[in-house]
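Residues per chain are reported as follows:
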Amino acid sequence: MKTIDDLEAQLGGLAGKRVLVRSDLNVPLDHSGEQPVITDDGRIRASVPTLRRLLDAGARVVVTAHLGRPKGAPEARYSLAPVHARLAELLDGVDVAFCPVTVGAEATAAVADLGDGQVLLLENIRFNAGETSKDEGERGAFADELAALADAYVSDGFGAVHRKHASVYDVARRLPHAAGGLVATEVEVLRRLTTHPERPYAVVLGGSKVSDKLGVIDNLLGSLLTSGDRLLVGGGMVFTFLAATGREVGKSLLEADQLDRVRGYVQSAQDKGVELVLPTDVVAATAFAADADPQVVSADAIPADRLGLDIGPDSAATFAAALADARTVFWNGPMGVFEMEPYAGGTRAVAQALVDAKVASGAFSVVGGGDSAAAVRTLGFADEQFGHISTGGGASLEYLEGKQLPGLDVLD
Ligand SMILES: Nc1ncnc2c1ncn2[C@@H]1O[C@H](COP(=O)(O)OP(=O)(O)O)[C@@H](O)[C@H]1O
Ligand SMILES: O=C(OP(=O)(O)O)[C@H](O)COP(=O)(O)O
């Protein structure tokens, strides 16, 4: 992949050049108060070194990013305005402007107003249907508009490189381009996770993007994980596993159309000698709320009127034991709704197990994903206690599967 140094050489310097940077600024926001509050600014902080590198070279930096999953039209709760405020604080001493649209006359004028060494953050790129469109023509037309804003493109939004989206993929085909420092660092870690990894290898999966992440298991079992390795499943996706193995899951998250597929995974893990570790107990509540009478119940007997919001204490101990002697661990997706204290125990226990495995046996432990990174930080762990905290969950998983990632392929 070409670096920013290569791009600089190719363009004869970056001073005065308009550089479009795709960052991943998809940070968790707490909307319970009057103003949204960023609960973990890790992705914004991770974007800063590449921006500084470009600003130091005298570039005019246009940043584009998404927040959440709006449906191709503006929605106030997904505005990047709070992210702009934090980015401006982190880029102390730099002029950081915000444009309330992504493309068109207003964006063009805002870019024209940029001076050397200044930054413009464009509003959530997913407010435009062209960004995520499956129609190549529609996506391409939007990418043309984006490309018209800049002289060069830097891909630094590692968390989104598995998406074939206009700002991740198509725009790189239209402008001189390079990988930013964050993408380069993340790819190095992924290479270490896939090239002669020390075993036992453990992958821990959880979170709520169930349909996205269930799909990766097939390939993980076929490629990365071998006999003696472990796959631990918690979070929202576990209920599809419990249901697939004949258990009632009450009102828990369930992907009913994936049951056959998941039965296949269970069989495949058995055939390959990969230990599949599922929870034996669950913290179940009457509603998706902290005060909804959380109770520990057996995973075999989740009451019909309850939903599972965390793995239970016995499961947490089993998960920790399965991680204790692992030499390589990749973890994506919280074990429960860690944002509410009654459902944070499983995530805390898994985080502690990763920390312990690093101390006890020098395990290489990687935590990936926006919410997973937020979870370990808000639960009081420090980045240094892990081998690496990755800004990408789904992106890392797809790489581990051996898949081609559109946003990386296009940079080669
Ligand atoms: N049992 C569960 N039911 C519903 N949501 C869950 C459950 N367990 C975890 N979650 C939620 O999953 C979210 C994170 O999922 P995801 O986006 O897949 O992770 P990441 O951003 O780390 O890749 C968290 O906000 C958490 O509250
Ligand atoms: O949060 C993200 O991914 P992650 O939850 O897998 O870490 C990225 O910003 C990608 O977002 P998307 O999964 O809505 O495309």
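Residues numbered from 1 in each chain as written. Chains lettered and ligands numbered in written order. Predicted model: local features only at pLDDT ≥ 70, side-chain atom pairs only at ≥ 80, totals over all residues. Heavy atoms only, no water.

Visitor: Describe the overall build of the chain, naming the residues involved and giving the relevant values.
Guide: Helix and strand counts for the chain come out as 15 helices and 17 strands. Within the chain, the proportion of its 412 residues that are buried is 57%. In the chain, of all internal contacts separated by at least 6 residues, the share reaching a separation of at least 24 is 73%. Carbon and sulfur atoms make up 49% of the accessible area of the chain, which amounts to about 15900 Å² in all. (Helix = DSSP H or I, 4+ residues; strand = E, 2+ residues; numbered from the N terminus. Buried < 20%, exposed > 50% of the residue type's maximum accessible area, 1.4 Å probe, protein only. Contact = heavy atoms within 4.5 Å. Areas by Shrake-Rupley, 256 points an atom, 1.4 Å probe, with all protein chains shown as cover.)

Visitor: Tell me about the packing of aromatic side chains, and please be specific about residues and values.
Guide: Tallied over the full model, the rule gives one aromatic pair. The interplanar angle of 65° and the centroid separation of 6.2 Å between the aromatic rings of Phe-381 and Phe-386 together place this pair among those described as edge-to-face. The ring of Phe-364 has Arg-192 sitting right over it, with the charged end atom 3.6 Å from the ring centre. (Phe/Tyr/Trp six-rings, centres within 6.5 Å; stacked < 30°, edge-to-face > 60°. Lys NZ or Arg CZ within 6 Å of the ring centre and 35° of its normal.)

Visitor: Lay out the environment of Leu-408 with the relevant residues and their values.
Guide: Secondary-structure assignment places Leu-408 in helix H15 (residues 406-409). Residue classification places Leu-408 among the buried positions, given a relative accessible area of 8%. For the pair Leu-408 and Val-183, spaced 225 residues apart in sequence, the C-alpha to C-alpha distance is 8.6 Å. The residues touching Leu-408, leaving out its near neighbours within four places in the chain, are Met-1, Val-161, Val-183, Val-187 and Tyr-399.

Visitor: Hey, could you go over the sheet that holds strand S1 (residues 18-22) for me, with residue numbers and the actual values?
Guide: What the six strands build is an open sheet, ordered S5-S6-S4-S1-S7-S8; its pairing is parallel. Two strands bound the open sheet, and with one partner strand each, they are strand S5 (96-99) and strand S8 (177-179). Neighbouring strand axes in the sheet, compared pairwise and without regard to direction, differ in orientation by 25° on average. Sheet strands in contact with helix H1 (residues 4-11) are strand S7 (152-155) and S8, and its direction is about 175° off that of S7. (Pairing = 2+ DSSP bridges. Axes fitted to C-alpha atoms, helices over the stretch in contact; angles between N-to-C directions.)

Visitor: So what about helix H8 (residues 210-224)? Which residues, and what values?
Guide: For H8, with 15 residues, the first-to-last C-alpha span of 20 Å sits near the 21 Å given by 1.5 Å per residue. Where H8 bends most, the angle comes to about 30°, and this point is Asp-218. Listed as buried for H8 are Val-210, Lys-213, Leu-214, Val-216, Ile-217, Leu-220, Leu-221 and Leu-224. (Expected span 1.5 Å × (residues − 1). Bend = angle between axes of the 7 residues up to and from the residue.)

Visitor: Let's hear about the UniProt feature "binding site: ATP" (unreviewed entry) in the chain: which residues, and what values?
Guide: UniProt marks Lys-213, Gly-308, Glu-339, Gly-369, Gly-370, Asp-371 and Ser-372 with the feature "binding site: ATP" (unreviewed entry), using the numbering shown here. By the element assignment, Glu-339 lies in the loop between strand S15 (328-332) and helix H12 (345-361). In this fold, Gly-369 is placed in the loop between strand S16 (364-368) and helix H13 (370-378). (UniProt positions renumbered as here; feature names shortened; annotations may be inferred.)

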